[in-house]
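# Notes for the structure review
One letter stands for each residue in the lines below.
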Amino acid sequence: MEFQKISSPSLKDLFIEQLEHLILSGKLKIGEKLPPERQLAESMQVSRAVVNGGISELEKRGFLEVKPRSGTYVADYRRKGTIDTLISIMNYNGGHLRNEEIKSILEVREALDTLAARLCVIRITDEEIESLHQLAQQIRISESFHDAAEAAFAFEHEFAMLSGNVLIPLIYQSFRVSVLTLWEHFCVLHGIPALYENIYHLWTFLRDRDSEGACEWIHTFLGRSIQGDRQIYYK
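Described below are features of the structure shown in this document. (Residues numbered from 1 in each chain as written. Predicted model: local features only at pLDDT ≥ 70, side-chain atom pairs only at ≥ 80, totals over all residues. Heavy atoms only, no water.)

### Let's talk about the overall build of the chain
Short version of the rule: The numbering of helices and of strands both runs from the N terminus, where a helix is a DSSP run of H or I of at least 4 residues and a strand a run of E of at least 2. Classification of residues uses two cut-offs on accessible area relative to the type maximum, computed with a 1.4 Å probe and protein chains only: under 20% is buried, over 50% is exposed, and between them is partly exposed. Contact between two residues is taken to exist if any of their heavy atoms lie within 4.5 Å; hydrogens are not considered. Lys and Arg are tallied as positive, Asp and Glu as negative. Neither His nor the chain termini are counted. Where a charge lies is defined by one atom per residue type: Lys uses NZ, Arg uses CZ, Asp uses CG and Glu uses CD.
Regarding its fold elements, the chain presents 12 helices and 2 strands. Put simply, the chain has 235 residues, and 43% of those count as buried. The contacts in the chain between residues at least 6 apart in sequence include a share of 66% that link residues at least 24 apart. Placing the 26 positive and 33 negative side-chain charges of the chain at their respective mean positions leaves the two points 9 Å apart.

Given below as C-alpha cells:
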C-alpha cells in the first residue's frame, strides 16, 4: 500500500475558506465593502500577499468584486459565479448540494443528454456502441457507491464525446465533482442496480439508433430523480 503525503492548507487557502464561509453564511452580505487589504492582513495576521491572492481567487469564483479606486465588495455570487462557486457552496454544506441546486443540475443534464443523444445516434459506429456497453457494465460490477458513480460519469462523458459536439463534454467535465456527488448519493438511496438500469436502458436506445426513444428515456429517468420515486434530494 502506498501512503500519500499529508499537507496542511496554505494561509491563502485558509483565507479563502474563511471569507467564503462568511459570505455563504450571510455574515458578509452582498454589496458589503471589505476593509482595505492592509487592515485585513493585520486583523487576520497574514501578509498582504496572502490577502491580495485570496481576493483575486475569490473574485474569479464570483464571491468578490474589485472596483478600481473604490474597494472590494461582496458580489452576488448567484449572478457572478462559476462552477467553482457551486463547488464552494457544496463544500460549505458539508459536501452536499442544496435541493434547488440538485434540481437545476438535473434539468441542465436533461437538456444536454437529449442533445447528445440526437447527435450521437447520427454518427455512432458499432465499435463505439460496444465501447459504451463496456463502460455501462463497469457500473453493474462496481463494488462501492463511489466506483459506481465514477463508472457512470465515465459512460456519460464518453457519450458526450461521441456526440461530436465540442462543448458538451467540456460542460460535463466542469460539473464532474457535483455529478459524482449526486450519483454516489443516488446509489446510497436507490442502489447501484438502479443507476445501472438508467444507463443500460439509455445504451439500448443508442444501440438501436433510436433517438426519440433515448430522449424519452432520458426525460423519464431524470424526471424520476427530480420529482418522482427516485429523488436524490438531501433531507
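### Let's talk about the pattern of salt bridges
Convention followed: In what follows, salt bridge is the name for a side-chain nitrogen of Lys or Arg lying within 4 Å of a carboxyl oxygen of Asp or Glu.
As enumerated under the stated definition, the model contains 16 salt bridges in all. Between Arg78 and Asp76 there is a salt bridge, with its nearest N and O atoms 2.9 Å apart. The salt bridge partner of Asp76 is Arg79, with a shortest N-O separation of 3.6 Å. Residue class for Asp76 comes out buried when judged on its relative accessible area of 16%.

### Remarks on the nonpolar core
Cut-off, in case you're wondering: Buried Ala, Val, Leu, Ile, Met, Phe, Trp, Tyr and Cys residues form a nonpolar core when they are joined through side-chain atoms within 4.5 Å.
Judged by nonpolar contacts, the single largest core of 51 residues is most densely connected at Ile139, Phe159 and Trp183. Looking at this core, the elements that each hand over two or more residues are helix H5 (83-92), helix H6 (99-123), helix H7 (126-140), helix H8 (145-162), helix H9 (167-174), helix H10 (176-190), helix H11 (192-207) and helix H12 (211-227). Not counting the four nearest positions on each side in its chain, Trp183 is found in contact with Leu106, Arg109, Ala149, Ala152, Glu156, Leu195, Leu222 and Ile232. Leu40, Ala41, Val46 and Val74 belong to the second-largest nonpolar core, a separate cluster that totals 19 residues.

### Structural notes on the pairing of strand E2 (residues 71-74)
The condition that has to hold: Two strands are counted as paired when DSSP detects at least two bridges linking them.
Summarising the sheet, strand E1 (residues 64-67) and E2 pair through 4 bridges and their orientation is antiparallel. Opposite Lys67, over in E2, you have Gly71 as the bridge partner.

### Let's talk about H12
We count it as follows: By definition here, a helix of n residues has an expected span of 1.5 Å times n minus one. A 3.5 Å cut-off defines polar contacts: any pair of N or O atoms within that distance qualifies, except that in protein one atom must be a possible hydrogen donor and the other a possible acceptor, and neighbouring residues in sequence count only when both atoms are side-chain atoms.
The end-to-end C-alpha separation of H12 is 24 Å, in line with the 24 Å expected for 17 residues at 1.5 Å each. A side-chain oxygen of the first residue of H12 lies 3.4 Å from the backbone nitrogen of Glu212; this N-cap is Asp210.

### Looking at empty space enclosed by the protein
What counts is decided by this rule: Two kinds of site are reported from a 1 Å grid over the protein atoms alone, namely cavities, where a 1.4 Å probe fits but cannot get out, and pockets, open sets with protein on both sides within 12 Å along at least five of seven lines, and residues are called lining when an atom falls within 4 Å of a point. Grid points are joined across faces, edges and corners, and a volume is the space filled by probe spheres set on the points. Charged means Asp, Glu, Lys or Arg here, nonpolar means Ala, Val, Leu, Ile, Met, Phe, Trp, Tyr, Cys or Pro, and polar covers whatever is left, Gly included.
Tallied over the full model, the rule gives 1 cavity of 30 Å³ or more. What lines the largest cavity is a set of 13 residues, and nearest its centre among them are Ile105, Arg109, Leu112, Phe175 and Val179. Listed by contribution, the elements that provide at least two residues to the lining of the largest cavity are H6, H8, H9 and H10. In terms of residues, the lining of the largest cavity owes the most to one element, H6, which gives 5 residues. Among the residues forming the lining of the largest cavity, the class breakdown is 11 nonpolar, no polar and 2 charged.

### Here's the deal with the layout of surface pockets
Here the largest pocket is characterised by a volume of approximately 210 Å³. Lining the largest pocket we find Pro9, Asp13, Ile16, Glu17, Glu20, His21, Arg61, Asp84, Ile87, Ser88, Asn91 and Tyr92. Of all elements in the fold, only helix H1 (11-24) and H5 reach the threshold of two or more residues within the lining of the largest pocket. Taken together, the residues that form the lining of the largest pocket break down as 4 nonpolar, 3 polar and 5 charged.

### Description of the packing of H6 against H10
Note the threshold: Angles run from 0 to 180 degrees between N-to-C directions of axes, and those axes are lines fitted to C-alpha atoms, restricted for helices to the stretch in contact. Orientation is classified from the angle alone, with under 35 degrees giving roughly parallel, over 145 giving roughly antiparallel, 65 to 115 giving roughly perpendicular, and any other angle giving oblique.
Relative orientation of the contacting elements H6 and H10 amounts to 105°, with a least axis distance of 11 Å. Taken together, the axes of H6 and H10 are roughly perpendicular relative to one another. Along its contact with H6, which presents Ile102, Ile105, Leu106 and Arg109, the element H10 presents Ser178, Leu182 and Trp183.

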